[in-house]
Amino acid sequence: MPAANPVLALGAEAGRLPLVRVLDEQGTLIRSFVPYDASVTGGVRTAVADLNRDGVNDIVTAPGPGAAPLIKVWDGASGSLLNQFWAYDPVFRGGVQVAAGDIGRGEVGIVTGPDQGRSQVRVFNSQGMLRTSWDVFGPSSTRGVRVALGYAANGNAAVFAAAGPGSTPQVKSIEIRTGQTLASFTAYAPTMTGGAWIAAADLTGDGVSEIVTGAGSGYAPQVKVFSGTGRPLTEFLATSALDHHGVQVGVVAGSDGQPRIAALIGNGGSKQVRLFDPRSSGTLAPLASFRAVGTGSLATPSDRSEVKRFDGSNPTPRLLPQAYRHRAAGVTTAGYSAFPIRYGDGVVRFGESDLASDGFGTAWGVTRSWTNEGAYSQGQNVGRGWIIAETPSLIREVDPFSG
């Protein structure tokens, strides 16, 4: 029986045992574990992504304030420890916010941001090697930063960052490959200084991540959805306007493959995770809810590129619609991707038998791969073209961060 796929990871709030609970899309507990010593009482932050490429989402943990910034990666299938590394200097004790997912060109990795202190965002590959970093909000910002991963309005992998408590609720979208700020806006009124929680996911099926924010502590639990450029799309209250404990946000896929906004609300024994349909408008009623007592952090999978292998009966790329791009995982009984494939990142292989041997009509069965390597350009969701796998050739491997 295949392992259940984690889609929600709930980390303990401050003052409790550093417990992490891993749930499936129905809110059913898959497993729980304690990633740090019991002396770590500042809470646990979590992220969800398939970092070892086995088809099962893995869990990333980071400690809250008071503990050394040790990131740990846990196998989603077995629960075993896969890797660990320092996000910042081991003497740092400000806590770490974390996200995981696609960091460009199909490579998966981990993004961190200090929970307190300067907004030094760092991008690591899945093995913990530092790829790039930026001081997102500048040296004057000392209130920390919250992070998410997804695809910017130009289609490229990006970090989405929100200023922490005590700051104006500013949000930025930063292209990972170039470090360029692609969007910058204020999610709530400048006087709302409780910080903002942030998530990013493709809610409309166009291959670009929408930005989801949740109001910080001290304000009504308002959830907002913005386009990748910061244009407001919709907003709603996740619970009573009188609940001022803040609302953390994420996005999961429902059983129908459609996205759901997950919201962590409440306080103490009243904490809940609620799921909402982002396509609705007006006053939203939750589609589902379940208890989350003792939870301090919510994590859901980031958008990711799909890599699908097509057999010879499936269409060739020239016949695919131009908008045939990424949404969610899944393959139909006919062998097609259940949702569009995103060509902006990754490799898709096609089995073809259209070449003849010695002119006698014998099929060679050449396997072709479509890739964006060598043609990664801003604003484009296309790649260079074909590579014939059976043809011997030397291909220069280019590091996407150093050129």
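As a convention, each chain's residues are numbered from 1 in the sequence order in which they are written. Under the rules for a predicted model, residues below a pLDDT of 70 receive no local features and side-chain atom pairs below 80 are neither given nor counted, while totals for whole chains, interfaces and linings still include all residues. As a convention, hydrogens and water are excluded, and side-chain values are obtained from all of the structure's heavy atoms.

Caption draft 1: Looking closely at the overall build of the chain. Numbering of helices and strands starts at the N terminus; helices are DSSP runs of H or I of at least 4 residues and strands are runs of E of at least 2. Along its length, the chain carries zero helices and 30 strands. Considering only contacts in the chain between residues 6 or more positions apart, those separated by 24 or more positions represent 47%. For the accessible areas, the method is Shrake-Rupley and the probe is 1.4 Å, while residue cover comes only from the protein chains on display. About 17000 Å² of surface is accessible on the chain, with carbon and sulfur atoms providing 51% of the total. Residue contacts follow a heavy-atom distance rule, with two residues in contact if any of their heavy atoms lie within 4.5 Å.

Caption draft 2: Spatial organisation of empty space enclosed by the protein. Of the two site types, the cavity is a set of points on a 1 Å grid over the protein atoms alone where a 1.4 Å probe fits but cannot get out, and the pocket is an open set with protein on both sides within 12 Å along at least five of seven lines, each lined by residues with an atom within 4 Å of a point. Grid points are joined across faces, edges and corners, and a volume is the space filled by probe spheres set on the points. If you walk through the whole model with that rule in mind, you get two cavities of 30 Å³ or more. Its boundaries defined by the atoms lining it, the largest cavity holds a volume of some 310 Å³. Lining the largest cavity we find 25 residues, and of these Val98, Val147, Ile198, Leu298 and Ala299 sit closest to its centre. Listed by contribution, the elements that provide at least two residues to the lining of the largest cavity are β4 (44-49), β8 (96-102), β12 (145-151), β16 (196-201), β20 (248-253) and β24 (295-299).

Caption draft 3: Spotlight on the packing of aromatic side chains. Only rings of Phe, Tyr and Trp enter the pairing, Trp through its six-membered ring, and a pair is recorded when the two centres are within 6.5 Å. The plane angle decides the type: under 30 degrees is stacked, over 60 is edge-to-face, the rest tilted. With the rule as written, the count across this model stands at five aromatic pairs. Relative to tryptophan 74, the ring of phenylalanine 33 lies with its centre 5.0 Å away and its plane at 50 degrees, an arrangement referred to as tilted. Note that phenylalanine 33 is positioned in strand β3 (residues 29-33) and tryptophan 74 in strand β6 (residues 70-74), a separation of 41 residues in sequence. Of the two residues examined, phenylalanine 33 and tryptophan 74, each falls in the buried class. Look at phenylalanine 185 and phenylalanine 226: their rings are 4.7 Å apart centre to centre, the planes differ by 45 degrees, and that puts the pair in the tilted class. Of this pair, phenylalanine 185 sits in strand β15 (residues 181-186) while phenylalanine 226 sits in strand β18 (residues 222-226), placing them 41 residues apart in sequence. Cation over ring: arginine 146 sits above tryptophan 197, and NZ or CZ is 3.5 Å from the ring centre. Only protein chains enter the accessibility calculation, which uses a 1.4 Å probe; a residue is then buried when its area is under 20% of its type maximum, exposed when over 50%, and partly exposed in between. Whether a charge sits over a ring comes down to the Lys NZ or Arg CZ being within 6 Å of the ring centre and within 35 degrees of the ring normal.

Caption draft 4: Summary view of the environment of leucine 203. Inspection of the secondary structure puts leucine 203 in the loop between β16 and β17 (210-215). Considering only alpha carbons, one finds leucine 203 and aspartate 303, 100 residues apart in sequence, at a separation of 9.9 Å. If sequence neighbours within four positions are ignored, leucine 203 has contacts with Glu210, Val212, Val225, Val251, Pro259 and Pro278.

Caption draft 5: View of the environment of valine 223. Within the secondary structure, valine 223 sits in strand β18. Separated by 27 residues in sequence, valine 223 and alanine 196 have C-alpha atoms that sit 9.8 Å apart. Excluding residues that lie within four positions of it along the chain, valine 223 makes contacts with Tyr188, Val212, Thr213, Thr234, Glu235, Phe236, Ala238, Val247, Val249 and Ile261.

Caption draft 6: Main features of the side chain of aspartate 102. Its location among the elements puts aspartate 102 in strand β8. Residues adjacent in sequence count toward polar contacts only when both atoms are side-chain atoms; beyond that, a polar contact is any pair of N or O atoms within 3.5 Å, and within protein one must be able to donate a hydrogen and the other to accept it. Separated by 2.8 Å, the side chain of aspartate 102 and the backbone nitrogen of glycine 104 make a polar contact. Only 2.6 Å separates the side chain of aspartate 102 from the side chain of tyrosine 151, close enough to count as a polar contact.

Caption draft 7: Main features of the sheet that holds strand β21 (residues 259-265). Two strands form a pair only when DSSP identifies at least two bridges running between them. Here we have four strands laid out as an open sheet, ordered β20-β21-β22-β23, and antiparallel in their pairing. Both outer strands of the open sheet, β20 and β23 (288-291), are each paired with one neighbouring strand and no more. Averaged over all adjacent pairs, the angle separating strand axes in this sheet is 25 degrees, with direction ignored. Looking at chain direction, strand β22 (residues 272-276) and β23 are connected through four bridges and run antiparallel. If you follow valine 273 over to β23, its bridge partner there is phenylalanine 290. Inter-axis angles, ranging from 0 to 180 degrees, are taken between N-to-C directions of lines fitted to C-alpha atoms, where helices are fitted over the stretch in contact.

Caption draft 8: Summary view of the pairing of strand β11 (residues 130-135). Here five bridges tie strand β10 (residues 120-125) to β11, and the two strands are oriented antiparallel to one another. Each residue of the ladder has a partner; that of valine 121, found in β11, is tryptophan 134. Between β10 and β11, which pair antiparallel in sequence order, lie four residues; one of them, glycine 128, sits at a positive phi of approximately 90 degrees.

Caption draft 9: Structural detail: the sheet that holds strand β19 (residues 232-237). Read from one edge of the open sheet, four strands run β16-β17-β18-β19, paired in antiparallel fashion. The strands lining the two open edges of the sheet, one partner per strand, are β16 and β19. Each strand of the sheet is rotated relative to its neighbour by a mean of 20 degrees, with strand direction disregarded. Here six bridges tie β16 to β17, and the two strands are oriented antiparallel to one another.

Caption draft 10: A look at the confidence of the model for the chain. For the chain, the average pLDDT comes to 79, and 73% of its residues sit at 70 or higher. Confidence, read as mean pLDDT per element, is least for strand β25 (residues 309-310) in the chain (32) and greatest for β6 (98). On a range of 0 to 100, pLDDT expresses the predictor's confidence in each residue. Predicted confidence is poor over residues 305-398, with pLDDT under 50, and the contacts of this stretch with residues over four places away or in other chains come to 194 contacts.

Caption draft 11: Just the pairing of strand β9 (residues 108-114), in detail. Summarising burial for β9: seven of the seven residues are buried, a large majority. Side chains of β9 alternate between two faces, with Val108, Ile110, Thr112 and Pro114 and Gly109, Val111 and Gly113 buried alike. As paired elements, β8 and β9 share seven bridges and run antiparallel to each other. Considered in β9, the bridge of valine 98 is made with threonine 112. Note: β9 against β10, four bridges, orientation antiparallel. When the bridges of β10 are listed, threonine 112 appears paired with arginine 122. Between β9 and β10, which pair antiparallel in sequence order, lie five residues; one of them, glycine 117, sits at a positive phi of approximately 100 degrees.

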